[in-house]
Amino acid sequence: MKLYLKIWRQKNASTKGQMVDYTLNGVESDMSFLEMLDILNEELISKGEEPVEFDHDCREGICGTCSLMINGRPHGPDSRITVCQLHMRSFNDGDEIVIEPWRAKAFPVVKDLIVDRTAFDRIQQAGGYISVNTSGRPVDANAIPIEKDMADKSFNAATCIGCGACVAACKNASAMLFTSAKVSQFALLPQGQVEAVERVENMVRQMDLEGFGNCTNTGACEIECPKGISLENIARMNREYLFASVKG
Amino acid sequence: MGVLDSKEPQGPLANKWTKHKNEIDLVNPANKRNIDIIVVGTGLAGGSAAATLAELGYNVKTFCYQDSPRRAHSIAAQGGVNAAKNYQGDGDSVYRLFYDTVKGGDYRSRESNVYRLAEVSTNIIDQCVAQGVPFAREYGGLLDNRSFGGVLVSRTFYAKGQTGQQLLLGAYAAMNRQIQRGKIKSYTRHEMLDLVLVDGKARGIIARDLVNGEIERHSAHAVVLATGGYGNLFFLSTYCMGANVMAAWKAHKKGAFFANPCFTQIHPTCIPVSGDHQSKLTLMSESLRNDGRIWVPKRLEDAQAIREGKLKPTQLGEEERDYYLERRYPAFGNLVPRDVASRAAKERCDAGFGVNKTGEAVYLDFSAAIMRYGREKALTSGMKDVDDNTIRELGEKIVEAKYGNLFQMYEKIVDENPYKTPMMIYPAVHYTMGGLWVDYNLQTTIPGCYAAGEANFSDHGANRLGASALMQGLADGYFVLPYTIGDYLSDDIRTGPIPTDSPEFDAAEKNVTDRLQKLMSGTGIHSVDYYHKKLGKIMWNKCGMSRNAKELKEAIKEIAELRKDFWENVKIPGSPDGKNQELEKAGRVADFLELGELFAKDALERNESCGGHFREEYQTPEGEALRDDENFKFVSAWEYMGEPSDAKLHKEDLVYENIKVKTRSYK
């Protein structure tokens with residue numbers, strides 16, 4: 001099929017970017033979206049032009065590196081997948097496709113379609129862990145029985161891949177879904193209780209410092225999340241935070 | 001150099017590690033504050049090593065090419081992590097895990113290392129649970145287990161099909177705690193371009209900031225390479241796109257021996273190749289073989305009809321299907337080790353029984369499991385006289401709970417519903433058992449340069465059993481390296497900070513900038529991927545699932561020619577002064593073009609079939625791999641002497657004192 005692509009090109013963080021038009025022929029329906037971009041880049045290189053840079057790595061939907069706004073939606077039109085899992089069978093011959101980087105103040109553009117998401121790392125560094133000595137000899141794993149339902153809920157929160165689609169989808173560029181998933185994973189486990197109060201306070205403080213917006217319960221984050229992270233986590237984080245404030 | 005001293009402790013196997021820990025030198029906590037360690041790579045091995053070294057008090061700098069340490073490809077590991085906990089009471093023990101691993105590795109791993117791995121495996125689970133890793137649980141709240149290929153017990157701990165993700169997030173969380181404490185400084189979007197040696201010791205690295213293109217000097221008292229494997233030299237593989245051999249290869253060029261480069265794991269359950277545009281292959285977890293039955297049609301005409309789209313697999317009855325693994329290997333059935341399952345699939349497809357358009361796929365069928373689970377669920381729910389459709393629905397729900405994400409992934413890629421029609425699978429390159437040669441302390445042949453996880457060679461032998469890679473990465477990082485590195489660093493307590501303005505750093509940096517300049521100066525027309533794909537084709541066709549002397553000789557010649565062409569004709573647009581993904585790829589492919597030749601040379605040298613290395617000249621009348629223990633029970637460790645063709649072979653003889661070397665049989 002033949003596609004008309006409009007792609008955001010930006011040399012680096014300090015230069016101004018712009019949309020550039022490309023026409024691409026010979027796209028097959030069983031190609032992934034990123035393989036389609038690979039082919040575009042091969043063409044550009046053969047013409048001596050600079051290829052379009054985009055973040056990607058595992059191409060299996062789990063590392064969370066790929067991050068494209070496709071026709072205004074994070075990770076494109078299909079639900080519950082990352083861009084690397086999006087296949088061209090979701091598009092038709094002659095389609096125009098608009099491709100942009102994640103849109104959020106806290107995610108500055110690095111180059112073309114690549115953004116800097118280290119704000120997410122700093123939120124986790126503020127308290128997204130359980131403080132156990134990694135070189136020690138902890139108690140036997142089965143000495144901490146955990147209700148299956150709680151373990152599963154914790155796992156579901158922990159499946160967040162930190163891609164940033166929730167932020168990009170949010171009209172306020174809020175990081176509540178991401179942060180709440182990280183808080184919830186530990187809040188649901190007995191091991192995580194000891195530092196629960198400090199954890200939620202520190203992580204929320206860091207999230208605000210990074211310049212993410214507020215949550216207005218629109219729910220776009222949950223809809224666009226490739227892993228289906230639930231809004232329940234935001235409610236849980238709010239409760240944890242309220243408890244921490246009262247206790248604090 | 002020339003003598004490979006494994007530094008294996010003497011004495012009874014079960015006491016070796018304890019004895020070693022008691023005897024090696026320690027560094028006083030106050031002195032650890034004066035010692036710097038560089039860790040390159042932040043996957044399971046690097047992340048856990050960095051966190052633990054920082055916990056102990058060393059100053060750690062970590063480097064990864066990704067934008068966050070948590071994106072390392074360990075995250076994509078699906079199935080699980082082994083540990084000899086014997087929670088199921090099915091007869092597991094440290095010795096049995098050790099035995100299965102050595103046997104599964106076709107007796108080409110080091111006995112003492114593997115025993116230690118089995119020994120510390122139980123600590124890994126305790127550690128990860130304490131860190132909040134949400135492993136699967138039974139209703140009683142205790143940890144659940146499942147079984148994997150090549151073993152007869154259930155010792156695999158898992159978190160649905162995302163075990164690697166959860167374990168990596170655990171290690172990453174531990175890293176974050178140390179970053180917050182100021183004990184780890186994390187350099188992301190950075191790539192190591194050279195290793196710096198001062199007085200013969202590893203004392204730092206030259207790295208490139210991939211965002212602004214700046215070349216940086218970083219010094220340390222020791223350097224740990226935890227940079228994963230080199231399977232991307234095949235171009236198509238289950239590796240992430242950025243996985244490379246750069247750090248290990250640079251260390252090799254500076255004197256670290258490269259061991260068993262030809263030992264590659266081909267994983268049997270990947271989604272088959274669909275076309276020429278394909279950039280990578282996706283794995284379906286081996287755990288699926290617990291419930292999936294593998295088959296091809298019994299009759300050639302049925303296979304052909306399926307390929308032509310005239311017949312559906314669901315139209316073939318039980319008696320028209322060949323469950324070839326169950327037929328050939330009744331004891332292990334669909335759970336034979338990966339090399340055996342892979343070769344058996346290739347054998348059937350080569351014989352004309354393949355089931356996709358290209359004839360390179362077999363079926364992995366869940367219909368029997370779905371009905372079995374459905375019937376059990378109906379009974380336990382008190383439902384009587386239910387019809388097949390209801391049973392199927394109930395069964396599909398159970399299978400979804402176990403493997404839902406994998407089924408979803410398959411459906412997205414192939415556009416077929418695997419609950420209704422069998423999956424198609426085919427073997428693909430998945431893991432490299434070769435890597436930098438290390439001694440018992442995980443030190444390479446360069447003093448102060450260590451290798452951990454997939455980047456070293458020691459534990460998996462010629463073939464890796466399932467759920468053992470995560471185990472090795474975490475064992476090395478959490479429990480082995482942090483001890484053994486102290487033995488070396490105890491001599492460095494008075495050294496003080498290592499200056500980066502020495503002639504050695506000057507020379508290494510010049511070396512790096514010259515090479516970048518040379519890459520950028522290419523005037524040809526071909527992209528980096530053009531060369532990478534060509535290399536991949538040579539590797540897969542002549543050094544892949546089966547190899548022979550004639551084709552290996554051809555491969556060596558073709559790779560050398562391709563390398564020459566690359567350096568003359570590669571075209572890299574843009575500049576080296578900022579983000580430039582083509583330049584990043586070019587540096588990596590340039591290394592693959594050297595390693596590929598050494599790989600083929602190693603395969604040619606090894607006149608036996610063994611694990612993932614199947615030489616067509618050496619097979620039994622039944623087509624099974626024929627090992628030659630008398631002549632090849634050794635590790636081949638290659639010393640860099642200039643061109644890959646000049647590499648010098650050193651042999652570490654493998655001694656088995658505690659295990660009887662037998663013919664591997666899974667019948």
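Look above for the structure.
So, a few notes on the structure that sits alongside this text. (Residues numbered from 1 in each chain as written. Chains lettered and ligands numbered in written order. Predicted model: local features only at pLDDT ≥ 70, side-chain atom pairs only at ≥ 80, totals over all residues. Heavy atoms only, no water.)

Scanning chain B for helices and strands turns up 18 helices and 19 strands. A principal-axis box enclosing the C-alpha atoms of chain B has dimensions of 80 × 60 × 50 Å. Here chain B holds 667 residues, and 66% of them are scored as buried. Long-range pairs, those at least 24 residues apart, make up 74% of the contacts in chain B between residues at least 6 apart in sequence. Within chain B, the 89 negative side-chain charges are centred at a point lying 2 Å from the centre of the 86 positive side-chain charges. (Helix = DSSP H or I, 4+ residues; strand = E, 2+ residues; numbered from the N terminus. Buried < 20%, exposed > 50% of the residue type's maximum accessible area, 1.4 Å probe, protein only. Contact = heavy atoms within 4.5 Å. Lys, Arg positive; Asp, Glu negative; His and termini not counted. Charge placed at Lys NZ, Arg CZ, Asp CG, Glu CD.)

Before going further, it helps to examine the pairing of strand β15 (residues 423–432) of chain B. All names here are of chain B. Here β15 lies mainly inside the structure; 10 of its 10 residues are buried. Taken together, the five bridges between strand β11 (residues 264–270) and β15 define a ladder with antiparallel strand orientation. The residue bridging Thr-264 from the neighbouring strand is Thr-432, located in β15. Here three bridges tie strand β14 (residues 362–365) to β15, and the two strands are oriented antiparallel to one another. (Pairing = 2+ DSSP bridges.)

Attention now goes to the environment of Lys-6 of chain A. All names here are of chain A. Examined against the element boundaries, Lys-6 turns out to sit in strand β1 (residues 3–9). In this structure Lys-6 comes out as partly exposed when scored by relative accessible area, which is 26%. Sequence-wise, Lys-6 and Ile-70 are 64 residues apart; in three dimensions their C-alpha atoms are separated by 9.9 Å.

The next thing to look at is the environment of Ala-174 of chain B. With respect to the element layout, Ala-174 of chain B can be found in helix α6 (residues 163–180). Relative accessible area serves as the criterion here: at 10%, Ala-174 of chain B is assigned to the buried category. Here the alpha-carbon distance between Ala-174 of chain B and Ile-572 of chain B, two residues 398 residues apart in the chain, equals 39 Å. If near-sequence neighbours (up to four positions away) are discounted, Ala-174 of chain B is found in contact with Thr-134 of chain A together with Ala-51 and Gln-131 of chain B.

Residue and element names in this part refer to chain B. Enumeration according to the criterion identifies 72 salt bridges over all chains in this entry. With its nearest N and O atoms 2.9 Å apart, the salt bridge here joins Glu-608 to Arg-108. Of this pair, Glu-608 sits in the loop between α17 (581–605) and α18 (629–632) while Arg-108 sits in the loop between α4 (94–104) and α5 (111–130), and the two are 500 residues apart along the sequence. Each of the two residues, Glu-608 as well as Arg-108, counts as buried. Its salt-bridge partner being Glu-326, residue Arg-293 comes within 2.9 Å of it at the nearest N-O pair. Of this pair, Arg-293 sits in strand β12 (residues 293–297) while Glu-326 is found in helix α9 (residues 324–328), placing the two residues 33 residues apart along the sequence. Because the salt bridges share partners, they merge into one network encompassing Asp-106, Arg-108, Asp-339, Arg-343, Arg-606, Glu-608, Arg-627, Asp-629 and Arg-664. (Salt bridge = Lys/Arg side-chain N within 4 Å of Asp/Glu carboxyl O.)

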